[in-house]
Structures are given as structure tokens and as C-alpha cells.
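Below, each chain spelled out in residue letters.
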Amino acid sequence: MLETVTPMKTAEAREAVLESARKNGESARKNETEKRGRKASKEVRQLQLIEATIDSLAKRGYSETTMADVADGAGLSRGIVNFHFESKEKLLVATLAYMADEYAAHWRAALTRAGDDPARQLRALVAADFDRSICNKRKLAAWCAFWGEAKSRPTYQALCGARDAAYQKIFIDLCAALKESGDYAYEPQVMALALSAMLEGLWLRLMMGTEDVTRESALQAANEFLSAAFPKHYPWASGPKKA
């Protein structure tokens, strides 16, 4: 005998289907939330370890930094360090990549904020090099540690090479634009090299900490270089200071 399908049974079946769909949707959302949470947690842990590596490089130097030092500095277990980076070399490569990306993002943002004027752009790039977020004792010491190892580690050279080339090309292009508008006699590539060497030299003096050099005095020296090299574009820094 066939069962009679009543409107009530039909409604109950429809409700059961809807309830099952709601539960499946909630379960999928929960799984997705947990997945995002795990991903966020992984990124947070890796950043903690990278920041602790920067601290250790600044405090102990390259060769004396160990995975144990990094774990202790981050307040995490040594197993966590091994889980995320497997080896000291992989941790250091990740740290260098993080610092290089941070530096590139910083100068690109400064360049964008400066607008389209080449003189303003060049001044912004120079000033960005001495911003506290980038130019501080902790990060300068970490950069110094990596620079000391770069010659014997092709991975480090390859990691920073493309970024350095892009940065230098910006300098060359800006020097070329200023030469044209100011009718200067220099070669843009040579002037860009001199500018980069000047900035790196000031960073080195700040890293060494052996002279009375501060971020402020280093920036002032860099601005004086701009005035001497491009007097038609930066007359504000040249000549004796007026009271």
C-alpha cells in the first residue's frame, strides 16, 4: 500500500533538507575559518622567528646566532623553529628576504608619495634611507651581518641582486632627468653610483657607531651632497647657514 504524502510530511522533509544544508554550510565555514587561522598562526610564528633572528644578528652577529638563540628570543620552543625553517640557513635566507622586501616597499612608497617631479623623488629616496623604521641600530647591525657574508654566499647575492638593480636604475633615471633639466655635465650612471656609495657609506658609519653620527646628521650630510651635485635643483642646502 502506497504511503500518502501529506503536506505536513513534505514540509518536514523540506525542513530536514534545509537543516542539513545549514549544518554543511556551517561546517564548511568553520573549516575555512580554522584553515585561515592556521595560516595566520603560521605567518605570525614565522614573523616572530624572523624578528628574533634580527635581534640575535644585531646582538651576536652572524656566526654566533643559533636556532636556540632565535627560539629563546621569540619565546618559542626549538621544535617550532625547526618546524618552520628546518635549518639555520633557511631561517637566515627568510630573514634577509623579509628585510629586503621591507626596504624595497619602503623606498617605493616614498617614491610614490613624492609625485612626478624627479627632484622631489630623489630627495624623497634619500630621506627614506634615514627613516627610523628602516635606519635603526638593530636593523643596521643585521644588514651589516648579512653584508659580511654576501661575498661567500651566492644565495644572498641572488636574493638582493634584482632588488638592488631596480633601485639603482631608479637613481640612474632620476640623475638623467635632473641632468637634462639642469644642464649638468655629469654622466647619470656615474652620478648614481656616487650617490649610492654616499648613502651606503653613511649607513656604514651609523652601523660602526665609532663617530658622532646620528640619523639626523647623516641625512643632513646626504642633503648637502644633493646640493653640491645638483645645485640648480637643491639650492636650499648650499651656502652658509643664515641665522
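Per chain, residues are indexed from 1 in the order of the written sequence. In view of the model being predicted, local features appear only for residues whose pLDDT reaches at least 70, and side-chain atom pairs are presented and counted only at 80 or more, with totals across whole chains, interfaces and linings using the full set of residues. The side-chain numbers reported here are obtained from all heavy atoms of the structure, hydrogens and water having been left aside.

1. Some details on the packing of helix H5 (residues 118–128) against helix H9 (residues 215–229)
To describe two helices that pack against each other, one gives the angle between their axes and the distance between the axes.
Thinking step 1. The interhelical angle for the contact between H5 and H9, taken along N-to-C directions, is 155°, at an axis separation of 10 Å. Taken together, the axis directions place H5 and H9 in an arrangement best described as roughly antiparallel. In this structure, H5 crosses over H9, and the sense of that crossing is right-handed. In contact with Leu122, Arg123, Val126 and Ala127 of H5, H9 contributes Leu219, Ala222, Asn223 and Leu226.
Thinking step 2. Gly is placed with the polar residues, together with every amino acid not listed as nonpolar (Ala, Val, Leu, Ile, Met, Phe, Trp, Tyr, Cys and Pro) or charged (Asp, Glu, Lys and Arg). Looking at side-chain class alone, the contact of H5 with H9 contains six nonpolar, one polar and one charged residues. Inter-axis angles, ranging from 0 to 180 degrees, are taken between N-to-C directions of lines fitted to C-alpha atoms, where helices are fitted over the stretch in contact. Numbering of helices and strands runs from the N terminus, with a helix taken as a DSSP run of H or I at least four residues long and a strand as a DSSP run of E at least two residues long. Small angles under 35 degrees read as roughly parallel and large ones over 145 as roughly antiparallel, with 65 to 115 read as roughly perpendicular and the rest as oblique. It is the rotation of the near helix from the far one that decides the hand of a crossing: anticlockwise by less than a right angle makes it left-handed, clockwise makes it right-handed. Here, residues are in contact when the closest pair of their heavy atoms is within 4.5 Å.

2. Structural notes on the layout of surface pockets
Thinking step 1. Cavities and pockets were defined on a 1 Å grid built over protein atoms only: a cavity is a set of grid points that admits a 1.4 Å probe from which the probe cannot escape, a pocket is an open set flanked by protein on both sides within 12 Å along at least five of seven lines, and lining residues are those with an atom within 4 Å of any such point. Grid points are joined across faces, edges and corners, and a volume is the space filled by probe spheres set on the points. As a volume, the largest pocket reaches approximately 560 Å³.
Thinking step 2. In terms of lining residues, the largest pocket is bounded by 24 residues, among which Tyr103, Trp143, Trp147, Asp164 and Glu200 are the most central.
Thinking step 3. Put simply, the parts of the chain that give the lining of the largest pocket at least two residues each are helix H4 (88–113), helix H6 (137–150), helix H7 (154–182) and helix H8 (188–208).
Thinking step 4. For the lining of the largest pocket, the element with the highest residue contribution is H7, accounting for eight residues.
Thinking step 5. Within this model, the second largest pocket holds a volume of roughly 170 Å³.
Thinking step 6. In this structure, the second largest pocket is lined by Cys135, Asn136, Lys137, Leu140, Ala141, Leu206, Met207, Gly209, Glu211, Val213, Thr214 and Arg215.
Thinking step 7. Taken together, the elements giving at least two residues each to the lining of the second largest pocket come down to H6 and H8.
Thinking step 8. Take the lining of the second largest pocket: its biggest share by element is three residues, from H6.

3. Overview of the pattern of salt bridges
Thinking step 1. We count a salt bridge whenever a side-chain nitrogen from Lys or Arg sits within 4 Å of a carboxyl oxygen from Asp or Glu. This structure, assessed with the given rule, holds eight salt bridges.
Thinking step 2. Linking Glu51 and Arg138 is a salt bridge whose minimum nitrogen-to-oxygen distance equals 2.3 Å. With Glu51 in helix H1 (residues 7–60) and Arg138 in helix H6, this residue pair connects regions lying 87 residues apart in the sequence.
Thinking step 3. To sort residues, take the accessible area from a 1.4 Å probe on protein chains only and compare it with the maximum for the residue type: under 20% means buried, over 50% means exposed, and anything in between is partly exposed. Given a relative accessible area of 23%, Glu51 falls into the partly exposed group.
Thinking step 4. A relative accessible area of 25% places Arg138 in the partly exposed class.

4. Overview of the UniProt feature "DNA-binding region" (unreviewed entry) in the chain
Thinking step 1. Per the UniProt record, "DNA-binding region" (unreviewed entry) is found at residues 66–85.
Thinking step 2. This span, residues 66–85, is 80% helix and 0% strand, and a straight line between its end C-alpha atoms measures 13 Å. UniProt positions are given in the numbering used here, feature names are shortened, and annotations may be inferred rather than shown by experiment.

5. Section: the packing of helix H2 (residues 67–74) against helix H3 (residues 78–85)
Thinking step 1. Following both chains from N to C, one finds H2 and H3 inclined at 110°, their axes separated by 8 Å at the closest point. The orientation of H2 relative to H3 falls into the category roughly perpendicular. For the element pair H2 and H3, the recorded crossing hand is right-handed. Along its contact with H2, which presents Met67, Ala68, Ala71 and Asp72, the element H3 presents Arg78, Val81 and Asn82.

6. Regarding the side chain of Ser196
Thinking step 1. Its location among the elements puts Ser196 in helix H8.
Thinking step 2. Throughout this description, a polar contact denotes any pair of N or O atoms lying within 3.5 Å of each other; where both atoms belong to protein, one of them has to be capable of donating a hydrogen while the other can accept it, and for residues adjacent in sequence the pair is counted only when both atoms sit in side chains. For Ser196, the side chain forms a polar contact with the side chain of Gln168, separated by 2.6 Å.
Thinking step 3. Aside from chain neighbours lying at most four places away, what touches Ser196 is Gln168 and Phe171.

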